[in-house]
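# Residue-level structural notes
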Amino acid sequence: MPFSLLKYGLSSEYPAEVDLPAPKELRDSYDVVIIGGGGHGLATAYYLARYHGVTNVAVLEKAYLGGGNTARNTAVIRSNYLTSEGVRFYTESVKLFKALSNEFDFNIMYSERGQLTLAHTDATVRAFRQRAEVNKHFGGRTEMIDRQQIRELVPTLNLDPGHLPVLAGLWHIDGATARHDAVAWGYAKQAAKRGVEIHQLTEAQDFVVENGRVVAVKTNRGTVRCGCVVQAIAGYSSLLMNKLGIRAPIHSYPLQAMVTQPFKPFLDPLVSSSALHCYVQQTGRGEVVIGGGSDPYPLYNTRSTLELKEGLLAHAIEMFPFLANARLMRQWAGITDMTPDYSPIMGLSPLENYYLDAGWGTWGFKATPICGKTMAELVASGGKVPELIRPFALERFSRFQQVNEMGATAASH
């Protein structure tokens, strides 16, 4: 066997499969230009090509594929939200995630592990009961569990952290994780196979607007004309929208996370506490990922800070005291574009052919498949908004029809 593998590896006819074609020059025009080469932009390109036959598509990424928030999140997938609109939307995303590895023929390492959200007060218990019923009604698998069930589910969890004893928990069976880079590359590979052009190191810098339409995108590599444009750039959403005079109530904040040295498996579910502003999960490699709330001030920066590190680790140790002896390996941050109601902005813009995928805050990764699918439907139909994303329109803020998901975070912001 070793000699066969060596012979295979050294053969001049080694059938290496290239995931992405070699870089090429931008064409003069495209039917669709997608700004942002993260999970959402690549998913939109893939669904356009595979299910709608729209292949004259360019994905423009100013850096490298999946290098923005797609690479900087903690890879949590869930659908246990507060509103009927949110639960329906994210439940569909979970369903799509489960089938992605087979659809791509590419392993995204999807792992259904469940998410446990801790309740420390009577008010939180009441709110969780309502949340569980909303989830059940709209297709999510979520239920309330008591202290004994929590103890059996997570034996290593401290149920009496300081002044905040755990009273009950919200157990979300559909909670899962997946490799975020694998999701991005799976979409990129399959989109490229179908003729989509993916241009890295290509920054959208400005636009040419005529008669209420974007007719061209100016990049650092030249100007390309377009039939329509999809914006999917996460934390920098408002900066690009400002160039077109599109007003949106978005403020961007850093969101930090960190990871410890690897341990033998001790934690299968994802455990979070909004009262402690902390969530903890263990990866397949044994590392413990620790995340929490976003920084308290707007900033376009992905730096890490000692202040947040110390506060976040203190709360993690309250939940799992033995982590006091763990060595911290890495700390990083992403940039979240937060809206007042903590729900995304999806769909039409004031410009006829410019479509918005923005305001994701901390939910972006878990919405990747359903966002790509619905945005592709929107583009392919020429602007007919799919029913599933209609509640997330930009105009909801002027109509005072917000979709309030403020309490649905794994750790309060």
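Rules behind the numbers
- Residues numbered from 1 in each chain as written.
- Predicted model: local features only at pLDDT ≥ 70, side-chain atom pairs only at ≥ 80, totals over all residues.
- Heavy atoms only, no water.
- Helix = DSSP H or I, 4+ residues; strand = E, 2+ residues; numbered from the N terminus.
- Polar contact = N/O pair within 3.5 Å; in protein donor to acceptor, adjacent residues only side chain to side chain.
- Contact = heavy atoms within 4.5 Å.
- Core = buried A, V, L, I, M, F, W, Y, C linked by side-chain atoms within 4.5 Å.
- Buried < 20%, exposed > 50% of the residue type's maximum accessible area, 1.4 Å probe, protein only.
- Pairing = 2+ DSSP bridges.
- Axes fitted to C-alpha atoms, helices over the stretch in contact; angles between N-to-C directions.
- Left-handed = near helix turned anticlockwise from the far one by under 90°.
- Nonpolar A, V, L, I, M, F, W, Y, C, P; charged D, E, K, R; others polar.
- Salt bridge = Lys/Arg side-chain N within 4 Å of Asp/Glu carboxyl O.
- 1 Å grid on protein atoms, 1.4 Å probe; cavity = no way out; pocket = protein on both sides within 12 Å on 5 of 7 lines; lining within 4 Å.
- Points joined across faces, edges and corners; volume = space filled by probe spheres on them.

- If you check an unreviewed UniProt entry, the protein chain appears there as Sarcosine oxidase subunit beta from Stutzerimonas stutzeri.

## Notes on the side chain of Thr70
- By secondary structure assignment, the location of Thr70 is in helix 3 (residues 69–72).
- A polar side-chain atom of Thr70 sits 2.9 Å from the main-chain amide nitrogen of Gly39.
- For Thr70, the residues in contact, after removing those within four places along its chain, are Gly38, Gly39, His180 and Ala184.

## Overview of the nonpolar core
- Ranked by internal contacts, the top residues of the largest apolar core, which has 60 residues, are Val32, Phe89, Tyr187 and Ile198.
- For this core, the secondary structure elements donating two or more residues are strand 1 (29–35), helix 2 (39–52), strand 2 (57–60), helix 4 (84–104), helix 7 (180–193), strand 12 (222–231) and helix 10 (368–380).
- Examining the composition of this core, we find that eight residues originate from one element, helix 4, more than from any other.
- Every residue in contact with Tyr187, bar those within four places of it in the chain, is listed here: Gly39, Leu42, Ala43, Tyr46, Tyr47, Leu100, Phe104, Thr368 and Pro369.
- Grouped together as the second largest cluster of nonpolar side chains are 26 residues, Leu118, Val154, Met258 and Leu312 included.

## Points about the sheet that holds strand 3 (residues 76–77)
- Taken in spatial order, the three strands line up as 3-8-4 in an open sheet, and their pairing is antiparallel. Looking at strand neighbours, the two that pair on one side only are strand 3 and strand 4 (111–112), the edges of this open sheet.
- Alignment of strand 3 against strand 8 (residues 176–177), held across two bridges, turns out to be antiparallel. Looking at the pairing, Ile77 lines up with Ala176 of strand 8.

## Notes on the packing of helix 2 against helix 7
- Their axes nearest at 8 Å, the elements helix 2 and helix 7 cross at an angle of 35°. Regarding helix 2 and helix 7, the two cross each other, and that crossing is left-handed. Where helix 2 abuts helix 7, its residues Gly39, Leu42, Ala43, Ala45, Tyr46 and Tyr47 lie against Ala184, Tyr187, Ala188, Gln190 and Ala191.
- Taken together, the residues of the contact of helix 2 with helix 7 break down into nine nonpolar, two polar and no charged.

## Comments concerning the pattern of salt bridges
- This model, assessed by the stated rule, comprises 19 salt bridges.
- One salt bridge connects Glu133 with Lys136, and the closest N-O pair in it is separated by 3.7 Å. Remark: Lys136 and Glu133 occur in helix 5 (residues 122–137); sequence separation between them is three residues, near one turn of the helix.
- By relative accessible area, Lys136 is classed as partly exposed at 45%.
- Taking the shortest distance from any N to any O, the salt bridge between Arg213 and Glu352 comes out at 3.3 Å. Pair noted here: Arg213 is in strand 11 (residues 213–219) and Glu352 is in the loop between strand 18 (345–348) and strand 19 (354–358), with a separation of 139 residues, a long-range link.
- Residues participating in the shared-partner salt-bridge network are Lys98, Glu112, Arg141 and Asp174.

## Considerations on the sheet that holds strand 7 (residues 168–172)
- With mixed pairing, eight strands are arranged side by side in an open sheet as 6-7-5-14-15-16-13-17. Every interior strand has two partners, whereas the edge strands, strand 6 (142–146) and strand 17 (328–338), have only one. Neighbour to neighbour, the strand axes of the sheet diverge by 20° on average, direction disregarded.
- As defined by bridge partners, strand 5 (residues 115–119) adjoins strand 14 (residues 270–273) across three bridges and the pair is classed as parallel. In the sheet register, Thr117 faces strand 14, and the bridge partner there is Ser272.

## Quick notes on the pairing of strand 7
- With respect to burial, strand 7 is a largely interior element, five of its five residues being buried.
- What you see with strand 7 is no split at all: Ala168, Leu170 and His172 on one side and Gly169 and Trp171 on the other are buried throughout.
- Bridge count for strand 5 against strand 7 is five bridges, and the pairing is antiparallel. Within strand 7, the position partnered with Ala119 by the bridge is Ala168.

## Some thoughts on the layout of surface pockets
- There is about 700 Å³ of room inside the second largest pocket.
- Counting only elements with at least two residues in the lining of the second largest pocket, the list comes to helix 7, strand 15 (278–282), strand 16 (287–292) and strand 17.
- With three residues, strand 17 is the single largest residue contributor to the lining of the second largest pocket.
- Looking at the lining of the second largest pocket residue by residue, the class counts come to nine nonpolar, 11 polar and seven charged.

## Concerning the side chain of Gln190
- Turning to its location among the elements, Gln190 is positioned in helix 7.
- By relative accessible area, which is 7% here, Gln190 ends up buried.
- Sequence-distant contacts of Gln190, that is, excluding residues within four places in its chain, are made with Tyr46 and Phe104.

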